[in-house]
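Summary of the model geometry
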Amino acid sequence: MSGDPKLERIAKGNALALCATGTWTASFAPVLERMVADAEKLAGGSQNIFIDVSEVAKLDTFGAWLIERLRRSLTQGAVEAQIAGLSANYSSLVDEVRRVRATPVVDSSAVTITGMLEQIGRAVAGVAGTVAGLVDMLGAVLAAGFRVLIHPRSFRLTSTVHHMEQVCWRAVPIIVLITFLIGCIIAQQGIFHFRRFGADIFVVDMLGVLVLREIGVLLVAIMVAGRSGSAYTAELGAMKMREEIDALRTMGFDPIEVLVLPRMLALVLALPILAFLGAMAALYGGGLVAWLYGGVDPEAFLLRLRDAISIDHFIVGIVKAPVMAAVIGIVACVEGLAVQGSAESLGQHTTASVVKGIFFVIVMDGVFAIFFASIGM
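All of these numbers come straight from a predicted model, not from anything done at the bench.

Cut-offs applied
- Residues numbered from 1 in each chain as written.
- Predicted model: local features only at pLDDT ≥ 70, side-chain atom pairs only at ≥ 80, totals over all residues.
- Heavy atoms only, no water.
- Patch = residues over 30% accessible without salt bridge, like charges linked within 9 Å, V, L, I, M, F, W, Y side chains within 5 Å.
- Areas by Shrake-Rupley, 256 points an atom, 1.4 Å probe, with all protein chains shown as cover.
- Salt bridge = Lys/Arg side-chain N within 4 Å of Asp/Glu carboxyl O.
- Helix = DSSP H or I, 4+ residues; strand = E, 2+ residues; numbered from the N terminus.
- Buried < 20%, exposed > 50% of the residue type's maximum accessible area, 1.4 Å probe, protein only.
- 1 Å grid on protein atoms, 1.4 Å probe; cavity = no way out; pocket = protein on both sides within 12 Å on 5 of 7 lines; lining within 4 Å.
- Points joined across faces, edges and corners; volume = space filled by probe spheres on them.
- Phe/Tyr/Trp six-rings, centres within 6.5 Å; stacked < 30°, edge-to-face > 60°.
- Axes fitted to C-alpha atoms, helices over the stretch in contact; angles between N-to-C directions.
- Parallel < 35°, antiparallel > 145°, perpendicular 65-115°, else oblique.
- Contact = heavy atoms within 4.5 Å.
- Nonpolar A, V, L, I, M, F, W, Y, C, P; charged D, E, K, R; others polar.
- Core = buried A, V, L, I, M, F, W, Y, C linked by side-chain atoms within 4.5 Å.

As a further point, take a nonpolar patch on the surface. A surface patch of nonpolar side chains, about 360 Å² in accessible area, is lined by Val176, Ile273, Phe276, Leu277 and Met280. Top element by residues in the nonpolar patch is helix α9 (residues 255-292). It accounts for 4 residues. Exposure remark for Met280: the relative accessible area of 35% places this residue in the partly exposed category.

Below, the structure is given as structure tokens:
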């Protein structure tokens, strides 16, 4: 029998017997849903429950799942519903659907100590996994760099120069603009508050030390993490989605040596240059505001700046730059290679790359501050 699907109750003593006929496919989804929903209300008090599918003409995954759903709904306690008359053509399909286990519903509104401990444990495990991934990537990059030193002809100079252009040269305008504005803001706020004590000139000391030691390199590193780190993650993630990285491995190339090492080297070389340009722009902006807003002559500004800072302040800031660049590059590449085959995964890992990159940059800045304070710099 073929045609429209039907599900009828047939007389069979004290047992509950249902007979399914017709075509049970997704094209009849609304009709099948209603019939199964009505049949699920029939359970109650029957010692034996049978679902006869011998007269089903066509069956697909949707129909097989509805039959299995009906069987599970009619199964109560020790009384288990039985599917009878299943043809050999559809038995494997129904068996496959039967192996699918229903996911228990978790009450997310209930807050328990066990649940809180579980969340803390998962968070700790996630942090440990992140650190392990970063250490693993660092080791892979160092190993690839060592191989390049042994075989210099394998170094990809063209790729490195290309990434230097993207990371360094094209980033100069936005880096200079932002740091210039930050220098202006620091100087204006410093003059505004120092003027109460008649100490306008001390804004030069504050500006020089802050820009050269902390604000300059930290601000540039954060902007690089948001601009270049996210770009690295998106590029590697797109390659992972298109299986280009697997193709490289198939052709015998090391993706770390081909893709990651040039990006890392470009970033490590670019960030000190950008930090220097950013520091100079911030000092220029601060000096301009000190002259126009605070009445500090440019000559007096330069003389005070020379007395307020030393080469140590400059060294402290520049030493931080390559380390922060390495951290940003490692985080970006780890997140990029962790992308799965969906656009949602790409977006999530790109966001995680920026957030983690900025977090580790700030952590490294704190570590450097403690270290240089301990050695008297």
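Counted by the stated rule, this structure contains 2 cavities of 30 Å³ or more. The calculated volume of the largest cavity comes to roughly 60 Å³. If you trace the largest cavity, you find it lined by Val211, Leu212, Gly216, Val217, Ala275, Ala279, Phe314, Gly317 and Ile318. Every element with two or more residues in the lining of the largest cavity is listed here: α7 (202-241), α9 and α11 (311-337).

Tallying each qualifying case throughout the model produces 5 aromatic pairs. Arranged with centres 6.2 Å apart and planes meeting at 35°, the rings of Phe180 and Tyr284 form a pair that is tilted. In this pair, Phe180 is assigned in helix α6 (residues 172-194) and Tyr284 in helix α9, connecting sequence segments 104 residues apart. Of the residues examined, Tyr284 reaches a relative accessible area of 56% and is grouped as exposed. Here Phe276 and Phe314 contribute two aromatic rings whose centre-to-centre distance is 6.0 Å and whose plane-to-plane angle is 85°, an arrangement assigned as edge-to-face.

What follows covers the packing of helix α4 (residues 113-150) against α9. Remark: α4 packs on α9, axes separated minimally by 10 Å, with the N-to-C direction vectors making an angle of 95°. As summarised for this structure, α4 and α9 are arranged roughly perpendicular, according to the angle between their axes. On α9, the residues that touch Met137, Ala140, Val141, Ala144, Gly145, Arg147 and Val148 of α4 are Ile256, Glu257, Val260, Leu261 and Met264. Grouping the constituent residues of the contact of α4 with α9 by class yields 9 nonpolar, 1 polar and 2 charged.

Residues Val224, Leu267, Leu271, Leu274 and Ile328 are the most contacted members of the largest nonpolar core, which totals 25 residues. If you list the elements that add at least two residues to this core, you get α5 (157-167), α7, α9 and α11. Beyond its immediate stretch of four places on either side in the chain, Leu271 contacts Val220, Ala221, Val224, Ala321, Met324 and Ala325. By size, the runner-up hydrophobic cluster in this structure holds 24 residues, among which are Ile51, Val56, Leu66 and Ile67.

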